[in-house]
Amino acid sequence: MSVTAPSARARHFDLSVPVLGALGLLLCALVLLPLGWLAYYAFTDKAGDFTAGNFVTIFSNPAFLEPFLRTSAISVAVALASVAVAAPLAWLVARTDMPFRRWIRVLVTASFVTPPFLGAIAWEILAAPNAGLLNQLYQHLFGRGTYDNLFNIYTETGLVFVMACYAFPYVFVLLANAIERIPGDLEDASSILGGGRWVTLRRVVLPMTLPSLLAGALIAFLQAMTQFGAPAVLALPAGFHVITTKIWSLFQSPPQPQLAAAAALPLLLVTVLLLQAQRWLLGRRGYTVIGGKSGMARPIALGSWRWAAFAFALAVMALTMLLPYAALIKASFLRTASDPLTFEKFTLYNYQWIYSFPESRRAFFNTFSIGLMSATCGAALALVVASLAARRGFAGARVLAALATSPVAIPGIVLGVGLFLSYTRPPLVLYGTPWILLLAFVTIELPAAYQQLEAALLSLHPELEEASRIFGANRLKVLVQITAPLIATSVVATWCFIFIGAIRELSATIMLTTANTKLVSILIYDLNESGDLGLISVLGLVLLVVTFAVVGLANRVPGLRQGGGVRPVRY
Amino acid sequence: MLRFLKRFGILPVFVAALFLAPLSASRAAAPAPSPVTPALVAAATKEGSVTFYTSIDLQVAEALAKAFQDKYSGITVQVERSGAERIYQRITQEYDSKIHNVDVVDSSDAANLVDYKKNGWLAAYVPADVGKWPARQRDPDGFFASDRATLSVIGYNTKLIQPGDAPKSYADLLDPKWKDKIVKAHPSYSGNIMTATYELSKAPGLGWPYLQKLGQQQIMQVQSSTEPPKKLALGERPVMFDGNEYNALMLIDTQAPIAIVYPTEGTPLVSGAAGVMKDGPHPNAARLFINYLFSVEGQQLLVTTGELRSFNPGITEPAGRVPLSKIKVFTADPADQEKAVDDIKQKYSEYFGT
């Protein structure tokens, strides 16, 4: 980038340009370095010579094709299921007088906090075909035989179900925010012109929220496609692979990083195309909804449907939160998770064991310190990139935006290997240190963080920033003094997103931790592989409680109460 | 990274040639067993900690660490437990990145130790008690020895299956009535299962044709050999094809409804091995710890708390356990097994799907 400042303006040298330039370079290093190694490996053979043979293997060997097709089908199903649940729920929470809607919103956020691998393990306790609590209950209530089961979580349907449980909050959060941002005067206008409730919903609310709906579906799809945790817990016992577990298996000895890299590139391609399609769709319409003037919307009265709506919301919460947490709590007090919780069987053994286990304290310390650092660095980076891209005030903005969103397509495990290859050699040997995990988490969470902040910025009319620029503030000052405060809620939400994301992350972590940088997620995964459900339950519950506490604190930062920061000014 | 990537290429041959020549010359010069001296304790205490990579069940490994810490206050044991093949992968990765984190390594796949020895990563060190070990259970050059043994057994849930209906042999498990009823661990994760699979693949009348048929039984695939007994206890599956005898015995000690079957064809005996890393960060604490691991005290803990089998003649067998001498066993030579590892992983994923 080159800036040719006229001599008259030299005195007002814009410090923001070098700062932003440096961040651009950092982004390149974060994303391009591991991607570069990935590409290098995808197109070389074991001797380091150029070859396309890896791709021939990937697209001709059924051992790879099957996981590819299966993953596609599963991801589409997860996206559809997530939208089907999240869309009505978001509307009910954001726009109607459904009872306890605030609580439902808190609970959805909570189910977003749950790491998918933990949710998958909880659902194992609930719906394993023979020992699952729900199946036991069914057999007991209906007098069925021992092997006569209602649910089998170790199936593709079971996997879709569990992944949708922990992907739908992404769609929900995006949609609920979008619906809330629709100015009431637009709906009033619809009513005045004679549009009924459903016409308004269809002609105003739906088109206004369509971008968020698509973005949400896309994120759910990508989450499902690139997720490792839940498939590792549920698919392997069922005897099938999805693409992430297949790639992971290629890193077991004898390692085949060339094939793994080649298997990862199609995922990258699919995602880039999808993101481009989304950008194209959104780019054709203006969605500026927060300007200097607009009005609050009034909740829609559901009448006699209120309690039906609440029952629906409660059912969703039961499946994603209440039942799994109850199962974890129950299992934490038993030596054998499927035993009935009686006075006789009740034990604090698991709690005592975890308490006296030195690794668990170390893992908790590592997890939270790295999580806090990742959230802070990641939110700052995403804000800068998003403000550059959204305002096009910078020559390479589109490139930066593409760079920031590209990691979404890299399965964590492959990014883990990319980072492993990049940072196990001079000049920067970071393997074995917490820094490599920080890099991984910031890179992995950057796309979601970026998209969230970009969406917030796109709905913020540039007139406010332009005013500041006119009064002489440079870009950085505008970002800090005008833009950031205006989208403060989104920034805090993004911070929480990254923090939670770092806590939930498993697939890159698995490649990057050593004994000295062990995280709780790895500890839980290790214990799952040896079948210690009681110990996992204790670890998982502690992780959840501490995470809720951190997120709760973040939301109580003065002046940033949920929703308070972005409420349009009343005119 | 290079060796890690090329471990199964031409490099091992080269490395083996490089190391085996001097090793075979020094065969007679295996170091004499070293007792624990006050000087060793003092030096170990000064180092303050020891890192132990192991595939022993986590709760057993932690009990061992705690007993050591109680005896030698001032030295903490950091336990890194995972499946043997996962530990192997981790150590190879770390050493290729010049990260020397591990002091003492234990693996239920003794072939891993053969490989570390070939790479020149192990120190020749014979703990005092290993002098009493049977010759077949110790490395002739003094780099490692069997620190434990267990059997990979068949088992069943006694609430779900009456003893009369229980399988007696591997052949029984091919009966269609066991379809969808069997849980089984994975050789790409577990060293025990790797060894057991190697032994079964060599067993007369069984071999790969048998395992291929077993792959049609819609088994539930878990990872660690510590897990199938736990799945039996849950009642998730009524039968386990393989899994650690020691975990099954430990669960039976807690009244879990499990019974063990030593199959009529023979039961795979799996000897785990342990050694000291040459470039570990705490060489003295490592030597003190491995001495404790092989001592009567350490071995008795593995046998009593962990229900493992031991080669230390000084230990007392728990009452009521079937003595090893009464069980027909399959055994493996770690060096031969090391050559078959890749083939086993490939065939297994072909026949069992993961």
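Here the structure is shown first, and the text comes after it.
Conventions we followed
- Residues numbered from 1 in each chain as written.
- Chains lettered and ligands numbered in written order.
- Predicted model: local features only at pLDDT ≥ 70, side-chain atom pairs only at ≥ 80, totals over all residues.
- Heavy atoms only, no water.
- Helix = DSSP H or I, 4+ residues; strand = E, 2+ residues; numbered from the N terminus.
- Rg over C-alpha atoms; globule rule 2.2 N^0.38 Å.
- Buried < 20%, exposed > 50% of the residue type's maximum accessible area, 1.4 Å probe, protein only.
- Contact = heavy atoms within 4.5 Å.
- Areas by Shrake-Rupley, 256 points an atom, 1.4 Å probe, with all protein chains shown as cover.
- Lys, Arg positive; Asp, Glu negative; His and termini not counted.
- Charge placed at Lys NZ, Arg CZ, Asp CG, Glu CD.
- Salt bridge = Lys/Arg side-chain N within 4 Å of Asp/Glu carboxyl O.
- Pairing = 2+ DSSP bridges.
- Axes fitted to C-alpha atoms, helices over the stretch in contact; angles between N-to-C directions.
- Buried area = accessible area lost by both parts, 1.4 Å probe.
- Arc of directions from axis to C-beta.
- Parallel < 35°, antiparallel > 145°, perpendicular 65-115°, else oblique.
- Left-handed = near helix turned anticlockwise from the far one by under 90°.
- Nonpolar A, V, L, I, M, F, W, Y, C, P; charged D, E, K, R; others polar.
- Right-handed = clockwise from strand over helix to strand, strands pointing away.
- Phe/Tyr/Trp six-rings, centres within 6.5 Å; stacked < 30°, edge-to-face > 60°.
- Lys NZ or Arg CZ within 6 Å of the ring centre and 35° of its normal.

Draft legend 1. The overall build of chain B, seen in detail. Along chain B, the regular secondary structure elements total 13 helices and twelve strands. Against the compact-globule benchmark of 20 Å for 354 residues, chain B has a radius of gyration of 20 Å, which places it among compact chains. With respect to the three principal axes, the spread of C-alpha positions in chain B is 60 × 45 × 35 Å. Within chain B, the proportion of its 354 residues that are buried is 65%. Look at the contacts in chain B between residues 6 or more apart in sequence, and 79% of them connect residues 24 or more apart. Here chain B has roughly 12,500 Å² of accessible surface; of this, 57% comes from carbon and sulfur atoms. Across chain B, the centroid of the 37 positively charged side chains sits 2 Å from that of the 37 negatively charged ones.

Draft legend 2. Summary view of the pattern of salt bridges. Residue and element names in this part refer to chain B. With the rule as written, the count across this model stands at 30 salt bridges over all chains. Salt-bridge contacts for Asp70 lead to Lys66; the nearest nitrogen and oxygen are separated by 3.4 Å. Taken together, the residues span about one helical turn, with Asp70 and Lys66 both in helix 4 (residues 58-71) at a distance of four residues. Given a relative accessible area of 54%, Asp70 falls into the exposed group. Beyond isolated ion pairs, a larger network of salt bridges with shared partners links Glu245, Glu307, Arg309, Glu317 and Arg321.

Draft legend 3. Local environment of the sheet that holds strand 7 (residues 182-184) of chain B. Residue and element names in this part refer to chain B. Spatially, the five strands line up as an open sheet ordered 8-7-9-6-10, and their pairing is mixed. At either end of the open sheet lies a strand with only one pairing partner, and these are strand 8 (220-221) and strand 10 (258-261). Direction of pairing for strand 6 (residues 154-157) relative to strand 10: antiparallel, over a ladder of four bridges. Pairing of Asn157 across the sheet is with Ile258, part of strand 10. With respect to the sheet, helix 10 (residues 245-253) is in contact with strand 9 (239-240) and strand 10, its orientation differing from that of strand 10 by roughly 145 degrees.

Draft legend 4. Quick peek at the interface of chain A and chain B. Listed by partner, the interface residues are 55 residues for chain A and 48 residues for chain B. Buried surface at the junction of chain A and chain B, both sides included, amounts to about 4,300 Å², of which 51% is carbon and sulfur. There are three salt bridges connecting chain A and chain B. Linking Lys518 of chain A and Glu80 of chain B is a salt bridge whose minimum nitrogen-to-oxygen distance equals 3.1 Å. Looking at the side of chain A that touches chain B, the elements that each hand over two or more residues are helix 10 (229-238), helix 14 (349-356), helix 15 (358-391), helix 17 (412-422), helix 22 (509-512), helix 23 (520-529) and helix 24 (533-555) of chain A.

Draft legend 5. View of the pairing of strand 6 of chain B. Residue and element names in this part refer to chain B. With burial as the criterion, each face of strand 6 is covered, one bearing Ile154 and Tyr156 and the other bearing Gly155 and Asn157. Sheet analysis places strand 6 next to strand 9, joined by two bridges and oriented antiparallel. What sits directly across from Gly155, in strand 9, is Met240.

Draft legend 6. Highlighting helix 14 of chain A. All names here are of chain A. Asn350, Trp353 and Ile354 are the residues of helix 14 that are buried. Down the axis of helix 14, the sector holding all buried residues measures 95 degrees, keeping them to one side. Of the residues in helix 14, the exposed ones pointing more than 90 degrees away from the buried face are Gln352, Tyr355 and Ser356.

Draft legend 7. Layout of the packing of helix 4 (residues 101-113) of chain A against helix 7 (residues 156-181) of chain A. Residue and element names in this part refer to chain A. Orientation of helix 4 relative to helix 7, taken along the N-to-C sense of each, is 140 degrees, at an axis distance of 8 Å. Accordingly, the angle class assigned to the pair helix 4 and helix 7 is oblique. Here the hand of the crossing between helix 4 and helix 7 comes out left-handed. Facing helix 4, whose interface residues are Arg105, Val108, Ser111 and Phe112, helix 7 presents Cys165, Tyr166, Phe168, Pro169, Tyr170, Phe172, Ala176, Asn177 and Glu180. Among the residues forming the contact of helix 4 with helix 7, the class breakdown is nine nonpolar, two polar and two charged.

Draft legend 8. Spotlight on the pairing of strand 1 (residues 49-54) of chain B. Residues and elements named next belong to chain B. With respect to burial, strand 1 is a largely interior element, five of its six residues being buried. Taken together, the six bridges between strand 1 and strand 2 (residues 76-81) define a ladder with parallel strand orientation. Note that in strand 2 the partner of Val50 across the bridge is Val77. Crossover connection from strand 1 via helix 4 to parallel strand 2: handedness right-handed. In this sheet, strand 3 (residues 104-107) lies alongside strand 1 in parallel orientation, the contact comprising two bridges. Looking at the pairing, Phe52 lines up with Val104 of strand 3.

Draft legend 9. Region of the structure containing the side chain of Asn312 of chain B. Residues and elements named next belong to chain B. One can find Asn312 in the loop between helix 12 (296-304) and strand 12 (329-330). Judged by its relative accessible area of 3%, Asn312 is buried. Excluding anything up to four places from it in sequence, Asn312 contacts Asp129, Lys132, Trp133, Phe294, Ser295, Val296 and Gln299.

Draft legend 10. Main features of the packing of aromatic side chains. One pass over the structure, following the stated rule, counts 32 aromatic pairs over all chains. When the ring of Phe59 of chain A is compared with that of Phe68 of chain A, the centres are 6.2 Å apart and the planes differ by 20 degrees; the resulting orientation is stacked. Look at Tyr170 of chain B and Tyr210 of chain B: their rings are 6.2 Å apart centre to centre, the planes differ by 70 degrees, and that puts the pair in the edge-to-face class. Within this pair, whereas Tyr170 of chain B is found in the loop between strand 6 and strand 7, its partner Tyr210 of chain B is found in helix 8 (residues 207-214), the two being separated by 40 residues in sequence. Tyr170 of chain B sits in the buried class, given a relative accessible area of 0%. Among the residues examined, Tyr210 of chain B registers a relative accessible area of 5% and is labelled buried. Here Lys184 of chain B stacks its cationic end above the ring of Phe352 of chain B, 5.5 Å away from the centre of that ring. Over the aromatic face of Tyr125 of chain B sits the side chain of Arg287 of chain B, whose NZ or CZ is 5.3 Å from the ring centroid.

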